[in-house]
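Breakdown of the fold
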Amino acid sequence: MFVRMFESELEGRLAAVLHAVELDAARFHAPSVEEVIALGESAPMTAQVMAQLDAIDPATLTADQLVGWAVGCQRAANHWDAQRARAVAATVAACPDDPQVPREL
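Residues numbered from 1 in each chain as written. Predicted model: local features only at pLDDT ≥ 70, side-chain atom pairs only at ≥ 80, totals over all residues. Heavy atoms only, no water.

A word on the side chain of Gln52
- Secondary-structure assignment places Gln52 in helix α3 (residues 47–54).
- Sequence-distant contacts of Gln52, defined by excluding residues within four places in its chain, comprise Pro31, Val36 and Leu39. (Helix = DSSP H or I, 4+ residues; strand = E, 2+ residues; numbered from the N terminus. Contact = heavy atoms within 4.5 Å.)

Side note on the pattern of salt bridges
- Going through the model one piece at a time under the given rule, you end up with one salt bridge.
- Where Asp81 meets Arg84, a salt bridge forms, and the shortest distance between an N and an O atom there is 2.7 Å. With Asp81 and Arg84 both in helix α4 (residues 63–94) and three residues apart, the pair spans about one turn of that helix.
- A relative accessible area of 54% means that Arg84 is categorised as exposed. (Salt bridge = Lys/Arg side-chain N within 4 Å of Asp/Glu carboxyl O. Buried < 20%, exposed > 50% of the residue type's maximum accessible area, 1.4 Å probe, protein only.)

Re the packing of helix α2 (residues 33–42) against α3
- Where α2 meets α3, the closest approach of the two axes is 9 Å, and the angle between their N-to-C directions is 130°. Between α2 and α3, the angle is such that the two are oblique. When the axes of α2 and α3 are compared, the crossing they make is left-handed. Seen from α2, the contacting residues are Val36, Leu39 and Gly40; seen from α3, they are Val49, Gln52 and Leu53.
- Partitioned by chemical class, the residues of the contact of α2 with α3 number four nonpolar, two polar and no charged. (Axes fitted to C-alpha atoms, helices over the stretch in contact; angles between N-to-C directions. Parallel < 35°, antiparallel > 145°, perpendicular 65-115°, else oblique. Left-handed = near helix turned anticlockwise from the far one by under 90°. Nonpolar A, V, L, I, M, F, W, Y, C, P; charged D, E, K, R; others polar.)

Digging into the nonpolar core
- Grouped together as the largest cluster of nonpolar side chains are 10 residues: Val36, Ile37, Met45, Val49, Met50, Leu53, Ile56, Leu61, Trp69 and Ala76.
- For this core, the secondary structure elements donating two or more residues are α2, α3 and α4.
- Setting aside chain neighbours within four positions, we find Met45 in contact with Gly40, Met50, Gly72, Arg75, Ala76 and His79. (Core = buried A, V, L, I, M, F, W, Y, C linked by side-chain atoms within 4.5 Å.)

Here's the deal with the packing of α2 against α4
- Look at α2 against α4: their axes get within 7 Å of each other, and the N-to-C directions meet at 45°. The angle between α2 and α4 falls in the class oblique. Crossing of α2 against α4: the hand is left-handed. On the side of α2, the interface is formed by Val33, Glu34, Ile37, Leu39, Gly40, Glu41 and Ser42, while α4 contributes Gln65, Gly68, Trp69, Val71, Gly72 and Arg75.
- Residue classes in the contact of α2 with α4 are distributed as five nonpolar, five polar and three charged.

Quick look at the environment of Gly40
- By the element assignment, Gly40 lies in helix α2.
- In this structure Gly40 comes out as buried when scored by relative accessible area, which is 0%.
- Linking Gly40 and Val71, residues 31 residues apart in sequence, is a C-alpha distance of 7.2 Å.
- Beyond its immediate chain neighbours, meaning those up to four positions away, Gly40 contacts Met45, Val49, Leu53, Gly72 and Arg75.

As structure tokens, this is what we get:
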């Protein structure tokens, strides 16, 4: 009797967990190529967006999609150019003046 009650409770809990997993899977779907390209064109540039753009095979894209993908890739490149500029500015600010390496460089 106790085993049957335990099995029934276990089955109920398992059903609840499976239902929750199904809800999460429906809520967190993998974006389509069109969605990734749209994000690359206008969304804030994050590591996730850059990774999703990188995962796209340009050989599979239409001409319109290629233009959007190129825009997203250029935005990713601009992001890293800006990060490099920030790193250079921080390095220059942290380094003392030296006649061999003037601050103006």
